[in-house]
Amino acid sequence: MPTSENCYKLHDDAVKRGQDRYLDPESGQTVHTEKFHTERGHCCGCVCRHCPYAHNRVPERTLARKMQVPTILNPQGDITPDCDVLCWSGGKDCFLSLLYLRREMEALGVERDIVLLTTVDGHSRMVAHQGIKLTTLEAQAKHLGVALIAVPLFLGVDFISRVDQALGLAEERYKLQRLVFGDLHQWHIRSGRESQFAQVARRRKMNLHFPLWKRSYTELMTTF
């Protein structure tokens, strides 16, 4: 059952009251809160909506098919304290962004993880516009040796709040540094991102970063 923004408000209100569960008005079912799962002490493997353990006992195929909230699909064991979060659609621009981020860190002598963040349609499990399957994104993350946070989107659920929720998930494991985008030269897209994510970035104490911005196509093709 797809979730709505109202469900998260009901959840947060229930947690503030110290309750273990709340009633989902869409399905009529009782849903356990994060408080309940935390007190239990482990993931039960049932793809619970408010699991605080990144669904670490759920088989990956099941998780990718059933997840309803932002979830880490390829967690990494050895992590550094700091990380950049790279918005990932599975294409060449975000891959180039990953290469340039790694170059930057190597040049500065900085040790920092990179976590991929991708939004997918909650029903089809595909990236909008690019039409890339979530299973392909998982395979990319595994090959690159990085964590992937998948964010399923549903009708009626605010996009920015979902991304913010995903950043909160990453913040449980890392000290977040930058939210990274692979934009090349289109000002209206960049300014739109800066406007959309300004409040989220301030709250998470992150900077917005565009490593490919205004780089020449010749340089990018050579790098690629």
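Described below are features of the structure shown in this document. As the structure is a prediction and not an experimental result, all values here were calculated from the model. (Residues numbered from 1 in each chain as written. Predicted model: local features only at pLDDT ≥ 70, side-chain atom pairs only at ≥ 80, totals over all residues. Heavy atoms only, no water.)

Under the definition given, this model contains five aromatic pairs. With a centroid separation of 6.2 Å and an interplanar angle of 75 degrees, the aromatic rings of phenylalanine 159 and phenylalanine 197 are classed as edge-to-face. With phenylalanine 159 in helix H6 (residues 159–171) and phenylalanine 197 in helix H7 (residues 187–204), the pair connects residues that are 38 residues apart, well separated along the chain. Residue phenylalanine 159 is classed as partly exposed on the basis of its relative accessible area, which comes to 30%. Plain terms: the ring middles of phenylalanine 181 and phenylalanine 197 are 5.3 Å apart, the flat faces sit at 45 degrees to each other, and that makes the pair tilted. One end of the pair, phenylalanine 181, is in the loop between strand S7 (175–180) and H7; the other, phenylalanine 197, is in helix H7, with 16 residues separating them in the sequence. Considered together, phenylalanine 181 and phenylalanine 197 belong to a single accessibility category, that of buried residues. Through a chain of ring-to-ring contacts, the aromatic side chains of Phe159, Phe181, Phe197 and Phe210 assemble into a single cluster. Just above the ring of phenylalanine 210 sits the side chain of arginine 190; from NZ or CZ to the centre is 4.1 Å. Between the NZ or CZ atom of arginine 190 and the centre of the ring of tryptophan 213, over which it lies, the distance is 5.0 Å. (Phe/Tyr/Trp six-rings, centres within 6.5 Å; stacked < 30°, edge-to-face > 60°. Helix = DSSP H or I, 4+ residues; strand = E, 2+ residues; numbered from the N terminus. Buried < 20%, exposed > 50% of the residue type's maximum accessible area, 1.4 Å probe, protein only. Lys NZ or Arg CZ within 6 Å of the ring centre and 35° of its normal.)

Here we come to the side chain of aspartate 183. Tracing the sequence through the fold places aspartate 183 in the loop between S7 and H7. The class for aspartate 183 is buried, based on a relative accessible area of 9%. In this structure the side chain of aspartate 183 is engaged in a polar contact, spanning 2.6 Å, whose partner is the side chain of arginine 193. Residue contacts for aspartate 183: discarding those within four places in its chain leaves Ile189, Arg190, Arg193, Phe210, Leu212 and Trp213. (Polar contact = N/O pair within 3.5 Å; in protein donor to acceptor, adjacent residues only side chain to side chain. Contact = heavy atoms within 4.5 Å.)

Taking 1.5 Å as the rise per residue, helix H4 (residues 92–108) with 17 residues should run 24 Å; its terminal C-alpha atoms sit 24 Å apart, in good agreement. Among the residues making up H4, those that are buried are Cys94, Leu96, Ser97, Leu98, Tyr100, Leu101 and Met105. As for H4, its buried residues are in contact with strand S4 (82–87), strand S5 (113–121), helix H5 (134–144), S7, strand S8 (207–209) and helix H8 (217–223). (Expected span 1.5 Å × (residues − 1).)

Here the focus is H5. Those residues of H5 not exposed but buried are Leu134, Leu137, Glu138, Ala141 and Leu144. Down the axis of H5, the buried set is contained in an arc of 135 degrees. They therefore lie on one face. For H5, exposure combined with an orientation more than 90 degrees from the buried face picks out Thr135 and His143. Downstream of H5 by a residue or two, glycine 145 has a phi angle that is positive, lying close to 70 degrees. (Arc of directions from axis to C-beta.)

Attention now moves to the sheet that holds S4. Taking strand neighbours across the sheet as the criterion, the six strands line up as S3-S6-S5-S4-S7-S8 in an open arrangement whose pairing is mixed. Each of the sheet's edge strands pairs with one partner strand only, and the pair in question is strand S3 (71–72) and S8. As judged from the five bridges shared by S4 and S7, these two strands associate in the parallel manner. Directly across from valine 85, in S7, lies its bridge partner leucine 179. Sheet strands in contact with H4 are S4, S5, S7 and S8, and its direction is about 160 degrees off that of S4. (Pairing = 2+ DSSP bridges. Axes fitted to C-alpha atoms, helices over the stretch in contact; angles between N-to-C directions.)

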